[in-house]
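# Observations on the three-dimensional arrangement
The primary structure of each chain is shown beneath.
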Amino acid sequence: MSWTEVVIEVARDHAEALSDALMEAGALSVSVEDADEGTDAEKPLFGEPGMEPTETAWDHSRVVALTELDADQFAIVQEAANAIKLPVVPSFTTRAVADADWVRLTQSQFEPIHIGKNIWVVPSWHEAPDPNGLILELDPGLAFGTGSHPTTRLCMEWLEAHPAPGKSVLDYGCGSGILAMVAKKLGAQDVAGVDIDPQAIESARSNAERNKVSIDYYLPDDFAAAPNERHAKGQFDIVVANILSSPLKLMAPMLSGRVAPAGSLILSGVLARQAEEVAAAYAPFIKLGVWAEQDGWVALHGTLGQDTAPAPRSANG
């Protein structure tokens, strides 16, 4: 079976409403893209599971609607335009979408990922390139964190460079649970993960089971109410949070309070230009410095009780 895509370029104010109207008018699916992608005007929009991005479209947006091959594309666009009271039916182009083995095509786009010195993130349909490495079996899914994003990689590399056998680790904003699993596989004894998205918690628990590691995952309210027999005062030797700069700044007192005396705090989801302001938010509690930078993103780290921020990663890793 084949399909036809309808491509419409619209202003930001109409993108979301038009997308909804196209679905109501008979489109099979709709996506919104940056019409300036690949140019100097391209603009990234960032979000995390359970946290809607502040912007849901671009100044110059491209709405792409998938339709049946024999559908009346003009009628669909006209009905959608009328529904949101556009003064004229927007111009559009169409392009054919050939039938394909979508499962195989999708799987082919996800190869094993090598991170740090010895970590491999391997989709379930692949063999591990190095069976002696630290192997994480993880399929792309709804929860953030497969090791492909620089912020996730930086946190994983920090954990590998600072193994903590027998210690406790908290992964706050755990997404897929990948950082908690790395810590556990590196020898951490008690590991917990927290996320605001119930779907992320479900995904993380499934991933932990698949990787044969024991990790406690919680929603924030459940975590706050959970008994902390294994963690004195609910504190951990290592606290890692890969979120975004704005929530990280707001959570500075809470996250710092989760760090045990002489424990470590690692933050990512921070652009290099945001590093100073994030570090400043934590300065009353813990001194943070940039550990490493990758593709414009940084990981910050610090040790509770130290008067100065620790040094960045050495050239030798």
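Owing to the predicted nature of the structure, the values given are computational and were not obtained by experimental measurement.

## Remarks on the UniProt feature "binding site: S-adenosyl-L-methionine" (unreviewed entry) in the protein chain
UniProt records the feature "binding site: S-adenosyl-L-methionine" (unreviewed entry) at T152, G173, D195 and N242, using the numbering of this structure. Checked against the element boundaries, D195 lands in the loop between β9 (190-194) and α6 (198-210). Within the structure, the side chain of D195 is placed 2.9 Å from the backbone nitrogen of D197, a separation counted as a polar contact. If you trace the backbone, N242 turns up in strand β11 (residues 236-242). Looking at N242, its side chain comes within polar contact range of the side chain of T152, at 3.4 Å.

## Brief notes about the pattern of salt bridges
In the structure shown here, the tally under the stated rule is 6 salt bridges. A salt bridge links R62 to E33, with the shortest nitrogen-to-oxygen separation between them at 3.2 Å. In this pair, R62 sits in strand β3 (residues 60-68) while E33 sits in strand β2 (residues 29-34), placing the two residues 29 residues apart along the sequence. Linked by salt bridges that have partners in common, E9, E33 and R62 make up one network.

## Considerations on helix α2 (residues 73-83)
Every buried residue of α2 is accounted for by Q73, I76, V77, A80 and A81. Each buried residue of α2 sits inside an arc of 130° when the element is viewed along its axis, so together they form one side. Two to three positions downstream of the cap, the backbone nitrogen of F74 sits 3.3 Å from a side-chain oxygen, assigning the N-cap of α2 to D72. Of the residues flanking the end of α2, it is K85, one or two places downstream, whose phi is positive at about 60°.

## A closer look at the pairing of strand β12 (residues 259-271)
Buried residues dominate β12, accounting for 11 of its 13 residues. The pairing of β11 with β12 spans 6 bridges and is classified as parallel. Bridging across to β12, A241 finds its partner in L267. Sheet topology note: the β12/strand β14 (residues 297-303) ladder contains 6 bridges and is antiparallel. What sits directly across from V270, in β14, is V298.

## Things to note about the environment of L250
Looking at the element boundaries, L250 is found in helix α8 (residues 245-250). Along the primary structure L250 and A281 are separated by 31 residues, whereas in three dimensions their C-alpha atoms are 8.1 Å apart.

## Details of empty space enclosed by the protein
With the rule as written, the count across this model stands at 2 cavities of 30 Å³ or more. Around the second largest cavity, the lining residues are L159, H162, P163, A164, V169, A183, L186, A188 and I238. Residue composition of the lining of the second largest cavity, grouped by class: 8 nonpolar, 1 polar and no charged.

## A look at the environment of P310
By the secondary structure assignment, P310 is in the segment after β14. Along the backbone, P310 and G289 are 21 residues apart, and their C-alpha atoms lie at a distance of 6.2 Å. Every residue in contact with P310, bar those within four places of it in the chain, is listed here: K287, H301 and G302.

## Examining the pairing of β11
Where burial is concerned, most of β11 is hidden: 6 out of the 7 residues are buried. Of the pairings in the sheet, the one linking strand β8 (residues 168-172) to β11 comprises 4 bridges and is parallel in character. Bridging across to β11, D171 finds its partner in V240.

## Digging into the sheet that holds β12
With mixed pairing, the 7 strands of this open sheet are ordered in space as β10-β9-β8-β11-β12-β14-β13. In the strand order of this sheet, the two ends are held by β10 (216-218) and β13 (289-294), each with one partner. Each strand of the sheet is rotated relative to its neighbour by a mean of 15°, with strand direction disregarded. The strands that α6 touches are β9 and β10; relative to β10, the one it contacts most, it runs at about 170°. Contacting β12, β13 and β14, helix α10 (residues 275-282) crosses the sheet at an angle of about 155° to β12.

## Here we look at the packing of helix α4 (residues 150-161) against helix α5 (residues 178-185)
The axes of two packed helices give the description: the angle between them and the distance between them. Viewed as axis vectors pointing N to C, α4 and α5 meet at an angle of 15°, and their least axial separation amounts to 10 Å. Here α5 runs roughly parallel to α4, going by the angle between their axes. Two packed elements cross with a definite hand, and for α4 against α5 that hand is right-handed. Judged by residue contacts, T152, C155, M156 and L159 of α4 engage I178, L179, V182 and A183 from α5. Here the contact of α4 with α5 is built from residues that sort into 7 nonpolar, 1 polar and no charged.

Cut-off values and rules
Residues numbered from 1 in each chain as written. Predicted model: local features only at pLDDT ≥ 70, side-chain atom pairs only at ≥ 80, totals over all residues. Heavy atoms only, no water. UniProt positions renumbered as here; feature names shortened; annotations may be inferred. Helix = DSSP H or I, 4+ residues; strand = E, 2+ residues; numbered from the N terminus. Polar contact = N/O pair within 3.5 Å; in protein donor to acceptor, adjacent residues only side chain to side chain. Salt bridge = Lys/Arg side-chain N within 4 Å of Asp/Glu carboxyl O. Buried < 20%, exposed > 50% of the residue type's maximum accessible area, 1.4 Å probe, protein only. Arc of directions from axis to C-beta. Pairing = 2+ DSSP bridges. 1 Å grid on protein atoms, 1.4 Å probe; cavity = no way out; pocket = protein on both sides within 12 Å on 5 of 7 lines; lining within 4 Å. Points joined across faces, edges and corners; volume = space filled by probe spheres on them. Nonpolar A, V, L, I, M, F, W, Y, C, P; charged D, E, K, R; others polar. Contact = heavy atoms within 4.5 Å. Axes fitted to C-alpha atoms, helices over the stretch in contact; angles between N-to-C directions. Parallel < 35°, antiparallel > 145°, perpendicular 65-115°, else oblique. Left-handed = near helix turned anticlockwise from the far one by under 90°.

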